[in-house]
Amino acid sequence: MTEEVALQDYPPERPDALDQSRDEQGTDPQTARTAKLGANEPPANVEVSCGVEINEARAGEDDEDKKRRTTAEHLHYDYEELCSKAFTTADSNIPPNLLQLSYSFGYDCKRRANLQLLDESTLAFMAGNVLVLLDVRTKEQRYVRSCSGGGIGAIMTHPTKRYLAVAEKGELPNIIIYEYPSLRPYRLLRGGTGQAYSFVNFNREGTLLASVGSAPDYMLTLWDWREEQVMLRCKAFSQDVYRVTFSPDNPGQLTTSGSGHIKFWKMANTFTGLKLQGMLGKFGKTALTDIEGYVELPDGKVVSGSEWGNMLLWDGGLIKVEICRKEGRTCHAGTIQQFALDEGELMTIGTDGAVRCWDFETIDAADCVDDSGLFELEPMNEVMIGRGVSLSSMVKSSVPDSTFWFAQDSNGGIWKLDLSFSNLTHDPECLFSFHAGAIEGMDVSGSSHLMATTALDCSVRIFDYLSNKELTTIRFKQGGTSLTWAPHAVNSGEGLLAVGFDDGVVRLLELYNPQRLRVVAGISRSGDAELRLKQAFKPHNAPVTAISYERDGEMMATGSVDCTVFFFAVGGRYEPIGFISVPGPVQGLQWAPHSHERNSLLVACQTGHVVEVEAPGLGGVSVGSSYLLQNLPIRHFCFHSIRSRIERDAEIARRQVVKEKRKKEREERLRKVKEASREPTEEELQEEELQEEEAGKEAELPPIYIPSPPSPLFCMFYSEPGAFWLSMGGYDSGYLYHCKFSEQQGVDPADRRDEPFSFLPIQGTDRNPILSTCFSPARRLLLCGMQDGSVRAYPVDAANAAPGAMQAYWALNLHDGQGGAVRQLRSSHDGRFVLSAGADGNIFSLSVVTEEELEDALRRGRAAVPSPCPSLEAEPLALDIEDPTAYSIETAKQRLELDRLLREAELRRQDRRKQLAELRKRFQALLQLNQSLPAHARLQPTEFELDSCFREEADRRTAERVREVRRELAWEEERHRIGLQKMQRRFWDSVVCDTVTVAAFSSDHKLSTYRLLALSSMVQELSERGPDTQAGGPSTEEQQAATAGQKDVNDKTIKAEPTDVAAVLVLERRYPQAGGSKLAGRQAEKLRKAAEKAEKARTKIEKRRMEWAELYAAKPSKDSEDPEDVRAIQLAAEYLGDFKLKTAKDFTVPEHLRINVEKKKAQLLTLDRQIYQKKSEMNARVLALRDSKVELISQLRLLSHQLQALQGRLPPEKRRPPPAVPTMAPEEMPERRLRYTRTTLQRYAALRAEAARDALSLQQEEPWDVLELLWQEIEEEEERVAKEDVSPRDHGEPGTRTAGQLTELEQEVLEVEEIRNLYLQDVLLKQMEEGMCRFDAELRILRAEKVGLDVQMKMADLRHVTLLEELLLLNDFQKRETTLQDRLTARGQEEKELRLKMEELKQQLELKKREIARLQEREKAIATSFQASLGENNKFADFLTRVFKKKSKRVKKKDKIGTDEEDSDEDSEEESDWDDDEEDEGSEGGADALNDSVCPPNCDPELFENTLVLREHRLDVEELLAEEKKNADALKKEKDSLAKKEKIVQSSLKAAEGDLELFNREKQQKFNELDVVVPLRLHQIEFVSEGALHAKLDSALVLNASALGRLHQRIRELQQEKHQQGELYRQARQRHAQLSLDRRGMEARIHELEVRCEQMMMMKFGKLVDVEAVQTLSGSRMLEEMRQEGRIREAEYTQELRVWQEKVVVARQALTEVTREHTERLKALNSLLRQQKELEEKLNARHRKMGTQFQGHRQAEEEERQRLQQLIQSQMGEMESLRQEIRVLSRKGGPVLPPAQPCSAPVAVMSARHRGHTTYGHTASTNHGVEKTV
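The rules behind each value
- Residues numbered from 1 in each chain as written.
- Predicted model: local features only at pLDDT ≥ 70, side-chain atom pairs only at ≥ 80, totals over all residues.
- Heavy atoms only, no water.
- Core = buried A, V, L, I, M, F, W, Y, C linked by side-chain atoms within 4.5 Å.
- Buried < 20%, exposed > 50% of the residue type's maximum accessible area, 1.4 Å probe, protein only.
- Contact = heavy atoms within 4.5 Å.
- Phe/Tyr/Trp six-rings, centres within 6.5 Å; stacked < 30°, edge-to-face > 60°.
- Helix = DSSP H or I, 4+ residues; strand = E, 2+ residues; numbered from the N terminus.
- Pairing = 2+ DSSP bridges.
- Axes fitted to C-alpha atoms, helices over the stretch in contact; angles between N-to-C directions.

If you look at the biggest cluster of nonpolar residues, it comprises 48 residues, and the most contacted ones within it are Phe406 and Met451. Beyond its immediate stretch of four places on either side in the chain, Phe406 contacts Leu115, Leu117, Glu120, Leu123, Val136, Ser393, Met394, Val395, Ser397, Trp415, Lys416 and Leu431. Judged by nonpolar contacts, the second largest core, of 45 residues, contains Ile1171, Val1182, Leu1342 and Leu1384.

This part takes up the packing of aromatic side chains. Overall, the coordinates contain 34 aromatic pairs when judged by the stated rule. Between Phe537 and Phe568, the ring centres sit 4.5 Å apart and the planes meet at 40°, which makes this aromatic pair tilted. Within this pair, whereas Phe537 is found in strand S41 (residues 530–537), its partner Phe568 is found in strand S44 (residues 564–569), the two being separated by 31 residues in sequence. A relative accessible area of 6% means that Phe537 is categorised as buried. Owing to a relative accessible area of 0%, Phe568 belongs among the buried residues under this scheme. With 5.6 Å between their ring centres and 25° between their planes, Phe566 and Phe579 make a pair best called stacked. Here the residue Phe566 occupies a position in strand S44, and Phe579 occupies one in strand S45 (residues 575–581), the gap between them amounting to 13 residues.

So, about the sheet that holds strand S58 (residues 822–827). Neighbouring strands of a sheet are bound in pairs by backbone hydrogen bonds; such pairs are parallel or else antiparallel. Ordered in space as S4-S60-S59-S58, the four strands form an open sheet in which the pairing is antiparallel. The open sheet is flanked by strand S4 (100–104) and S58, the only strands paired with a single partner. Each neighbouring strand pair of the sheet contributes to a mean axis angle of 25°, computed without reference to strand direction. Relative to strand S60 (residues 843–847), strand S59 (residues 833–838) runs antiparallel, the two sharing five bridges. Each residue of the ladder has a partner; that of Leu835, found in S60, is Ser845.

Time to look at the sheet that holds strand S40 (residues 506–512). Pairing within the open sheet is antiparallel, and its four strands lie in the order S38-S39-S40-S41. Each of the sheet's edge strands pairs with one partner strand only, and the pair in question is strand S38 (480–485) and S41. Each strand of the sheet is rotated relative to its neighbour by a mean of 25°, with strand direction disregarded.

These figures capture arrangement, not role.
Pasting the structure below:
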């Protein structure tokens, strides 16, 4: 029992809710604003940042809009006001409830996420224009209709299961939030997209809703759904978007996926508000794919599916790794549709019908180990649902701790799955089964409430639409395309169905009730109905599109896409009558009703052709070669478009009406003028002329347009004999065209152009044509199925059942508005139900009766199922046509006819052959008779030729046939030749030596060669290249580069030092020449020699200091070690190895013993090469022995011939039996089998033909038997020839005389001859025996050697097996080892580069230190030179010292031309600082201080100038020193950073080495697990205990004998080395003691010399002085000159002092007068100031009386003044930080540091920003006040 949700019991609790729902079509300002905003969205880019600024939008709304938009929790909408209802035209008197939805039999399983779980027993899915709520337990349905009427786009349940979101389709569709279980509309979301929603989803908390629209806008919208407000919106992509989800762990992140893309979104707070930022995923090297399913991981990664079935792990918008199964298999055999992250496990659902469970942590940490980008992983659990299942989505049961899931099968099912993956797991259960895809055929029974449907899912289903249940289903291998229920005239029980299929087959199915069959013991029958195949035939080669029975039920017609219509005679078996061809694919068939006189069939073609053919006679079954019916009366109609002409005529009529109206208006005006008895004015005349001109300037009429290609024809039906109605699509939609056949039918159907004679305009069908029609049983309603999924009912006249004006109608939207075109529409036999089937896979049952009548009908029971026929059980099963390539009826008949013609031709050919054979026989008899005649009576052969041309023609044809045969066999010949070459290359060319067995003559000993194959190319390359050598240590180029760098540094140092020393020497040598004229020549010469002597001493001291520095630098530290010892220890550690067993867990594999794939391959190839060499050598010796045997046999044959000749001259009794001459066995000469001649081939062909005749009876493989037989015959022939060669020959007696006839002399000669022959006989026999014995001995010796070699080869084979196992193991480790080795190499290279950089920096730093020391020495030298230039007791010493140390302003050379203002400010500040310092220094001298920029009186100008020059040089040196120190500091910092980086790299290197070591240990453990066969003898086993051998040798250690010998030898070497080291240690101790004694003696000597030196200094100088300084001192010429000059100037200064004292007296008198005058002026100023004070007091008193209204302003001004002061301070701080940053940036080569940020700046700036325009007014007034105060 079904029910539709009735929500009228829940009245609206809010008065304005209804008003709001009414205003949603255009009066709501929010809707208009949202729609406008959606139209102006920008296109989506790779990274977008867009959004709706909600704060700004809300700021512009008034309080009333806010109050109206805010929705309370308890308010709901009225469902009856929202839901779509049936439409009826005005004044049509059609009841609105004409048809009511009764039941839905379909399921749109192809749609994404079309299955939601509301509670533990209720499922929700979309079905066209309704939402179906299905109770899993009771299978009852409830329905919720959409509000737009255009269908439902997506549904989604709230996380709490309390709400259900339904996103619709249509023009500006809405999203309705229903409350569950009351199903009251709770919220209404408007303006999210333009046409349809494709997906909606709630966030984890359920507070937000995300929706995605379909074409054309693809708008992504985020809703605050409780407030019905749009939060954010943005265009998601430019193609279809399949899915959108919120991240469950990151609330501000979303993900969308779709056609060829995945996009990651983030909600970001910006200074303009909340924004939505999207980042498009980049596939990189991975192929572009549509992404159906994905899941967000807790750490922000995303796992998505792909079209080929693998998983893609996304991280940061890029594919991190692609996950597949082992050996490169895909995770699913098809697209991954959905991911589910449940209880720490990741489940995937694929179109292959599998659900697999994966380890979540492994996937989250997955990373590729090579360049393939793949990560292999096997699922933990999996379940295969079933064959033919394609899962698209799953939802989990809402029961807590439940493991049951409900799955959507895109092949038409809903499954219940238990995913507990345990021993108690239930099998998958199919809860419901539906059609998958569009419904292609549907019909109803004429006597019962039964419905049959078929679709391309290869199934035919029977439904009881009275009890709303599916009765039975039958499946085939091809999809169904049409279906017709046989009428009562064909089958009285109405249980026969005719179904057409995609491969052109038509099957007759019989429906019966199995419960009414005869009861048979042991057989239980279940179900209310069953379908049985009665007959199958194939009339077409393309899909069958229409099936129709003739009105009397005697004939059936089928139409197909192959443009044919086939007729069948109806009976117990349907017999073909014939077929006709039509101009296009058949769209529909309709037989003429009984009211028509002619029994004709109306055929509608998709191309717009209509054909009427008269029914063929039942007895006119075709008996020819084809079923094509000829001479049938056929009439054609080809639709020609008239729509453009209709529109043109309507425009003409409209214009005519306008003209008539204007004419009447003109006449009315003229009549009024006449009635007024006056003439028309000029204005009225001009107005009429203007109207006439406007009427004459009418636009052109619409042109006549004919669509190309023609519009498709959808449906048709008879109106009267020869006339019919057509419904067209495309350009010609919008009308019903009334057509009839023309009387002129002689025109070719392809050239016909027939126009309808009438038409009816249909309202609302311009783009929504009628696809299917049917009449109600009473023929009072015309039911129409529309393209938009709606069903219309038009009232018609019951008398003639012809459409009327077609203006009044009733319409209801049932199917999906975008893809749910109504394919079939039927009315039940009693008119109570209307059934519709659509392209969306939905089947709806509509009831015509009221609910009370429907309930009564349901209480009466179910629909009656026809009873089976009595002979059903006795009838054999019908043969089905399962092969889609089977012949059709027409093709089969043509094939039969062709076979009949071939048989007849073969019979005629055999008759001709018999006649020719008889004639040939008679001719042969005549020839024989001619040969029996005498020669003179015989006929010559030329006389038998009637004409020589016949023979020549026969010869020519024979030659041509021979050539033709050769050409035909050329390919076969070449194929066999190439095949022979390939076999030779495969089986013989690769064999270097085949097995050759050499047998002994007199024993059974045999010796065989090794079957040796050619070496592989790798072994040959290895043998040519030799062993690989690996070079270590730094490369030559690096050493050269390091050497060159060191050389450059040294060169720079060497070049720099002499220049600086020369500069110092120049400075030192300038000042002694300054006053050469003031002293005598002898005194000047004395001073010069003293200076030179001091310079030499200084140079000597400096040289000695450098030597000492080098000596101390070369001194080793106390803990230093001898380099030779270090190298020896390193060598020992490198080659001694780890003496732990390899089976130990802590065994460390030495570097030189580590093995990899290349080394193992080299070992394997080396072993192969050695085996090959050994076997080759032995084979060569065996073959040489074989060759000697061949030579020996030939010698034996020769000796045998000689022996036979000799024995012929001996009497028989004295002849010794000769030994048998041996022959070569076949196994000794195997290469003979590859030698063949034409005779051999011919004999092989004969034997093969012989064997082929016996192959059928023997059932054996004849090729092997034939070859063996052929070789046997060849061997027998060779043996026979050999025996003939060695068989004894009868030489006969030399004479015929007897002994009595011989003389004594002759007798004696004969005896001597006999004795000689006997001796020769013995010699020959002995030679033969010795040759054979010698050969046998050689064979036995070589055989013994080969036995030893066999043992070695077996050992080598065992070693080969071990190496191969190790190689296979290494191949498994290769990827990891390569990765670790590359990582280690990279870290080593990085460390090497860092060390090179550090060495370079160390060299540069050392150079800088030397440069700094050199500059410091220069600075000291300059200071020393200055002090020396002053001399002793110089009265200007302080002044000149101050001049020398003064820091004067210097102009620096800039690298850049321009400078910034901050630089100039900084320079000015520095200059001012220097000036201040100078002023301070100048002020210290008091008023009498001298000007240091001018040479003072009595001071030597040359000395002053020299001081200035030395000061400049000192400043230059200081600048260079500062620069060098700065560079040195930078180098130190860089070195420190590199040192830190080196530590990090070293730690990484150690980690990499550790990983590699662990890997090598793991590899060694795997090697230890391999079994190695070591054959041992008992004397080699020394693992004994108490003289007994252990029972188990598991703990024994196997050592090689040579290795054990080397160990013993090494022990002896180590003992000898220990003795040598002890001797060296004793000698070293003795030398150490001697050196210690020498050191103590030298220390005592040094102390004695130091004491003596000090005593001499005290005696000479009276104090301890620096000897080096004394040596560098020289006489001061300047000092002597200054003393002389001082005495002269002292007299001059005394005279000048008297003059200045007199001037001071005069100045004091003038000062007294000025002081008196100034005192008078101060008194006047005091009086004025007193008056000013009185005036100010009066002014202040007046201000205080003006009120307190300005006190608040003053306080605000004071606050503003303080704020501005803070702002100024913060700006000064920023200026200072910027100056510091500029100062840092202006330094050359220094590190750049970030500027200092004052903490108070942001506060001041923000406060100023938030004050607005008022702040600026206060700022102005405050500034004005400040100016006045200043």
